[in-house]
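Structural description and commentary
Residue-level listing of the chains:
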Amino acid sequence: MLYIIKFFYQWLLPPACIILALVILNIYMYRKKSKGRYWLSVFIVLFYFFSLRAGADLLVKPLEDMYTPPAVVNGDVLIMLGNGSVGGVPDIDGVGQPSGTMAKSMLFALRLQRMTDLPLLISGGTVFADNGTEADIAGREFRSMGIPASKLFLEDKSRNTVENARFSQKICREHGWSRPVLLVVAAQAYRSALIFKREGLACVIYPTHYRRNAEWHFSFMQDLLPQADNMDDSAMALKEYMGIVALKLSLQ
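Moving on, we get to the confidence of the model for the chain. As a note on interpretation, predicted positions should not be read in detail where pLDDT is low. Averaged over every residue, the pLDDT of the chain is 93; the share at 70 or more is 99%. Least confident of the elements in the chain is helix H1 (residues 2-10), whose mean pLDDT is 73; most confident is strand S4 (residues 120-123), at 98.

So, about helix H2 (residues 16-31). Relative to the 22 Å expected for 16 residues at 1.5 Å per residue, H2 spans 23 Å between its end C-alpha atoms, a close match to the ideal helical length. Within the sequence span of H2, burial applies to Ala16, Ile19, Leu22, Asn26 and Met29. The buried side chains of H2 occupy one side of the element, clustering within an arc of 135° when seen end-on. Residues of H2 that are exposed and angled more than 90 degrees away from the buried face: Ile24 and Arg31. Lys33 sits one or two positions beyond H2 and adopts a positive phi of about 55°.

A cluster of nonpolar side chains, namely Ile5, Tyr9, Leu12 and Leu13, defines an oily patch on the protein surface of about 400 Å² accessible area. Structurally, Leu13 is set in the loop between H1 and H2.

A separate point is the pairing of strand S7 (residues 204-207). One ladder, built from four bridges, connects strand S6 (residues 180-184) with S7; its direction is parallel. Looking across to S7, one finds that Val181 is bridged to Val204.

Next up on the list: the packing of helix H4 (residues 53-64) against helix H10 (residues 228-248). Contact geometry of H4 with H10 gives a least axis separation of 9 Å together with a crossing angle of 35°. With respect to the hand of their crossing, H4 and H10 are arranged in left-handed fashion. Along its contact with H4, which presents Arg53, Gly55, Ala56, Leu59, Val60, Pro62 and Leu63, the element H10 presents Asn230, Asp233, Ser234, Met236, Ala237, Leu238, Glu240, Tyr241 and Ile244. The class makeup of the residues in the contact of H4 with H10 is 10 nonpolar, three polar and three charged.

So, about the pairing of strand S1 (residues 77-81). Burial analysis of S1 places five of its five residues in the buried class, which makes it a mostly covered element. Pairing of S1 with S4 involves four bridges; the strand directions are parallel. Note that in S4 the partner of Leu81 across the bridge is Ser123.

With that out of the way, let us pick up unusual backbone geometry. Here the amide bond leading from Pro14 into Pro15 is cis, since omega sits at 5°, within 30 degrees of zero. Among the structural elements, Pro15 can be located in the loop between H1 and H2. Positive phi, close to 55°, is recorded for Lys33, a residue that is not glycine. Note that Lys33 resides in the loop between H2 and helix H3 (37-49). On the basis of relative accessible area, Lys33 is assigned to the exposed category, the value being 63%. Positive phi, normally seen in glycine, also occurs at Ser250, with a value near 60°.

Quick notes on the rules
- One numbering rule holds for all chains: residues counted from 1, following each sequence as written.
- The model is predicted, so local features are restricted to residues of pLDDT at least 70 and side-chain atom pairs to those at 80 or more, both for listing and for counting; the totals for chains, interfaces and linings are taken over all residues.
- Processing note: side-chain calculations cover all non-hydrogen atoms of the structure and skip hydrogens and water entirely.
- Known as pLDDT, the predictor's confidence for each residue is given on a scale from 0 to 100.
- Numbering goes from the N terminus for both helices and strands, where a helix is a DSSP run of H or I of at least four residues and a strand is a run of E of at least two.
- By definition here, a helix of n residues has an expected span of 1.5 Å times n minus one.
- Partly exposed residues are those whose accessible area sits between 20% and 50% of the maximum for their type, while under 20% is buried and over 50% is exposed, using a 1.4 Å probe and protein chains only.
- As used here, the arc is the angular range of directions from the helix axis to the C-beta atoms.
- Patches draw on residues past 30% relative accessible area with no salt bridge. Two like charges within 9 Å are joined, as are two nonpolar side chains (Val, Leu, Ile, Met, Phe, Trp, Tyr) within 5 Å.
- Accessible surface area values rest on a Shrake-Rupley calculation with a 1.4 Å probe, where residue burial reflects the displayed protein chains alone.
- By convention in these notes, a salt bridge is any Lys or Arg side-chain nitrogen within 4 Å of a carboxyl oxygen on Asp or Glu.
- One requirement defines pairing of two strands: DSSP has to find at least two bridges between them.
- All axes are obtained by fitting lines to C-alpha atoms, using only the stretch in contact for helices, and the reported angles, taken between N-to-C directions, cover 0 to 180 degrees.
- It is the rotation of the near helix from the far one that decides the hand of a crossing: anticlockwise by less than a right angle makes it left-handed, clockwise makes it right-handed.
- The contact criterion used is simple: two residues touch if any of their non-hydrogen atoms lie within 4.5 Å.
- Charged means Asp, Glu, Lys or Arg here, nonpolar means Ala, Val, Leu, Ile, Met, Phe, Trp, Tyr, Cys or Pro, and polar covers whatever is left, Gly included.

Here it is in structure tokens:
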């Protein structure tokens with residue numbers, strides 16, 4: 001009974017309700033023999049496919065499989081990229097919280113820092129005025145979790161991955177660090193590695209946040225119904241592919 005209820009209310013939520021509305025519109029267009037009906041059909045199929053688990057996996061998993069976590073962390077500094085923050089909201093000991101994605105990277109960074117006792121460089125500034133500063137938020141929370149201030153280094157000016165690499169390279173050069181370990185969201189690892197290498201930092205890549213399951217077990221709800229999470233992952237992956245192409249063409 002539970003799955004039957006989920007099946008029906010899923011079609012009331014985006015993206016399923018949008019797909020349903022487009023299908024109804026497309027049927028009407030075929031009946032009226034309207035121009036553009038074939039293009040709309042193609043769009044609906046693609047929209048539906050990339051909101052399914054199969055579609056999202058097809059786009060995301062090749063990116064996430066580019067790197068595997070190294071068995072041994074052999075470096076002289078950990079670099080964690082900020083990946084979104086929520087500004088102005090209350091936290092335990094201050095204001096502002098990390099996004100869900102950055103929080104997962106922070107969990108990896110905390111464990112690795114405690115395991116290796118390496119300095120931790122957090123790279124992330126204020127992307128939008130209302131988001132807060134990623135490095136400041138992460139640094140405050142790391143200090144509250146027991147990482148000493150002497151081990152924390154904040155790069156709080158960068159607004160994108162290119163600036164992450166450029167400003168981190170400067171800090172590494174100032175401190176004599178030449179073997180950085182880059183903690184980065186798994187699906188963003190390949191593009192980030194290209195950028196950091198171009199900016200003069202050949203990093204050991206440590207993927208920190210996987211979005212797709214490694215194993216596949218068929219589920220009617222997961223595999224045949226469109227889900228917003230799948231659409232979000234598909235959009236993220238498409239953005240990554242466009243970024244990689246832009247790098248290859250020297251447009252970024």
